[in-house]
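A structural walkthrough
Next come the chains, spelled out residue by residue.
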Amino acid sequence: MADATQAAGLPELLAARPAFSMHAQDGLCFEGVALNAIADAHGTPVWVYGAASMRARYRALTAALDAHGLDVHVHYAVKANDHLAVLNIFRALGAGADVVSLGEFMRTQRAGIAAADVVYSGVGKAPAELAEAISAGIGQINVESAEELDMISAIAGQMGRTAQVVLRMNPDVDAGTHEKITTGLADNKFGIAAQDIPYLYARAARLPGIRPVGIALHIGSQILSTEPYAQAYAKAAAMVCKLRDTGLEVTVLDLGGGLGIGYGDEPGMPLAAFASTVHREVGDLGVQLLLEPGRYLVGPAGMLLSSVILEKRAGERRFIVLDAAMNDLMRPALYEAWHGILPLGAAQMQSPLSPADVVGPVCESADCFAKDRPMPPMGPGSRVAILDAGAYGAVMSSTYNARPRAAAVLVDDGRFQLITPRQTIDELWADEVIPGAGEE
Ligand code: LLP
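Residues numbered from 1 in each chain as written. Predicted model: local features only at pLDDT ≥ 70, side-chain atom pairs only at ≥ 80, totals over all residues. Heavy atoms only, no water.

**What about helix α2 (residues 35–42)?**
Taken as a whole, α2 has its buried residues at Leu-35, Ile-38 and Ala-39. Burial along α2 is one-sided: seen end-on, the buried residues are contained in an arc of 95°. Gly-43 lies just past α2 and shows a positive phi near 75°. (Buried < 20%, exposed > 50% of the residue type's maximum accessible area, 1.4 Å probe, protein only. Helix = DSSP H or I, 4+ residues; strand = E, 2+ residues; numbered from the N terminus. Arc of directions from axis to C-beta.)

Have a look at this one:
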């Protein structure tokens, strides 16, 4: 993602995001709500998510697929943002879910998504997690190895249940994204090599407790070109035909997620081109298609609001020190990810810009949201929105440096509501035990 660095300036960032607008009085607004009002009410740092943006992105995706006559069931990738309020929005739109842990599965259950509409992915599902999910009637388990196939067969068999499984194929395709989020190369830990699939699928068809119904693949995240999808889906289609040729039944093809978004002012994955790729490569296989998007649905629908603690000068360098840090939004530190940063003040949008490092208070040089970013003067107490943080933001946060977890707010229909209160300092150690304490 570092190499996708965009030179988008403040006006371009704003222009590329129709859900945002700048008002002379109220400053930066999102889905019709003044972000300053949210910060005034709930403090900073605070995550802000927009329900209308999520719904619009879901509908745009399904409309693009519908336009090609494709019957694709969308399984929202819970890992991108697992807040119950977010899951509830996608449930209401008819989405299923893609989960990677019992915790995520239980979140979907809490949010009212039918267990039958949940698929369970991941390279290491623990036996106890599998047993719980199977007993709750999970719809599909995506199997990532021969070893796991046997494990699921044993667990479900013992329970007298039959789990629907699909085999996750590693297509050995380069998704052209950051190496830390590439998952479809032969060297990656994910999936089963294509040459092992026919044997394993046939074996799965004979094992007790499981029923193989299809193939899955997921080649990576933040993918901006249809080309890697075309390659991977062509391989999946060939595999479906190969399995059928040997008399095996294949009724499901899980296309994974990975659709990228524009972090600067560039467009994200072109939906029409993506849908046309799906149509061309797998449209006539006569299988139920599944898609597991996460970032595409929620990334641009969320942001992290933060206040400036102070501006510091050190020789030639200018540092804007925020009250948000890498423990809140880890992506820049972990992947050198580029996030747009907009000031909340209308006047600041007009002010002269000069390069600054936008940093947090955590005691690491990795705690840097942006380097040499052209920024207006940002006095203490002024505020910024760190954009496109709805996916892989709050879910990856920690309390490093004993920093309480930020609050979260949902904007819906021109109003905003607190959906996670800010963690208190006391709560940081509420579940900690000092051995021997209280015994003297
Ligand atoms: N399905 C599977 C099996 C996955 O492993 C993932 C993401 C998804 C679906 C959803 O991918 P999406 O549509 O969101 O790209 N923390 C990283 C991203 C890690 C993605 C892991 N797998 C980041 O902040 O960029």
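Text resumes after the structure shown.
**Some points on the side chain of Arg-373**
Of note, Arg-373 is situated in strand β18 (residues 368–375). A distance of 2.9 Å separates the side chain of Arg-373 from the backbone oxygen of His-339, its partner in a polar contact. Setting aside residues up to four positions removed in sequence, Arg-373 forms contacts with Trp-338, His-339, Gly-340, Ile-341, Ser-354, Pro-355 and Ala-356. (Polar contact = N/O pair within 3.5 Å; in protein donor to acceptor, adjacent residues only side chain to side chain. Contact = heavy atoms within 4.5 Å.)

**Some remarks on the site of the ligand**
Among the 19 residues in the neighbourhood of the ligand, the closest are listed as Ser-221, Glu-292, Arg-331, Tyr-335 and Tyr-392. At 2.8 Å from an oxygen atom of the ligand is found a main-chain nitrogen or oxygen belonging to Arg-295. In isolation the ligand has 590 Å² of accessible area, and contact with the protein removes 92% of it. According to the grid-proximity analysis, the pocket containing the ligand is the largest pocket. (Near = heavy atom within 4 Å. Areas by Shrake-Rupley, 256 points an atom, 1.4 Å probe, with all protein chains shown as cover. 1 Å grid on protein atoms, 1.4 Å probe; cavity = no way out; pocket = protein on both sides within 12 Å on 5 of 7 lines; lining within 4 Å. Sits in = over half its atoms within 2 Å of the grid points.)

**Quick look at the confidence of the model for the protein chain**
Residue-level pLDDT values for the protein chain average 96, and 98% of them are 70 or greater. Per-residue pLDDT stays below 50 along residues 1–5; that stretch engages in ten contacts with residues further than four places along the chain or on separate chains. (pLDDT = per-residue confidence, 0-100.)

**Observations concerning the sheet that holds strand β2 (residues 27–30)**
Across the sheet, three strands lie side by side as β1-β2-β3; this open sheet has antiparallel pairing. Strands at the two margins of the open sheet, each flanked by one partner only, are β1 (20–23) and β3 (33–34). Summarising the sheet, β2 and β3 pair through two bridges and their orientation is antiparallel. Across the sheet, Phe-30 pairs through a bridge with Val-33, a residue of β3. (Pairing = 2+ DSSP bridges.)

**What about the domain arrangement of the protein chain?**
For the protein chain, the assigned domains are domain 1 (3–50 + 299–429) and domain 2 (51–298). The straight-line distance from the C-alpha centre of domain 1 to that of domain 2 is 32 Å. Taken together, the contacts link 33 residues of domain 1 with 28 residues of domain 2. Taken together, the two surfaces of domain 1 and domain 2 that pack against each other cover about 2300 Å², and 55% of this comes from carbon and sulfur. It is Tyr-335, Tyr-392 and Val-395 in domain 1 that bury the most area against domain 2; as a group they hold 22% of the surface buried on that side. For the interface between domain 1 and domain 2, the tally reads one salt bridge. Across the pair Arg-55 and Asp-412 runs a salt bridge, and its minimum N-O distance is 3.1 Å. If you look at where domain 1 meets domain 2, you find 18 residue pairs in polar contact (both at pLDDT 80 or more). (Domains from an automatic or database assignment. Buried area = accessible area lost by both parts, 1.4 Å probe. Salt bridge = Lys/Arg side-chain N within 4 Å of Asp/Glu carboxyl O.)

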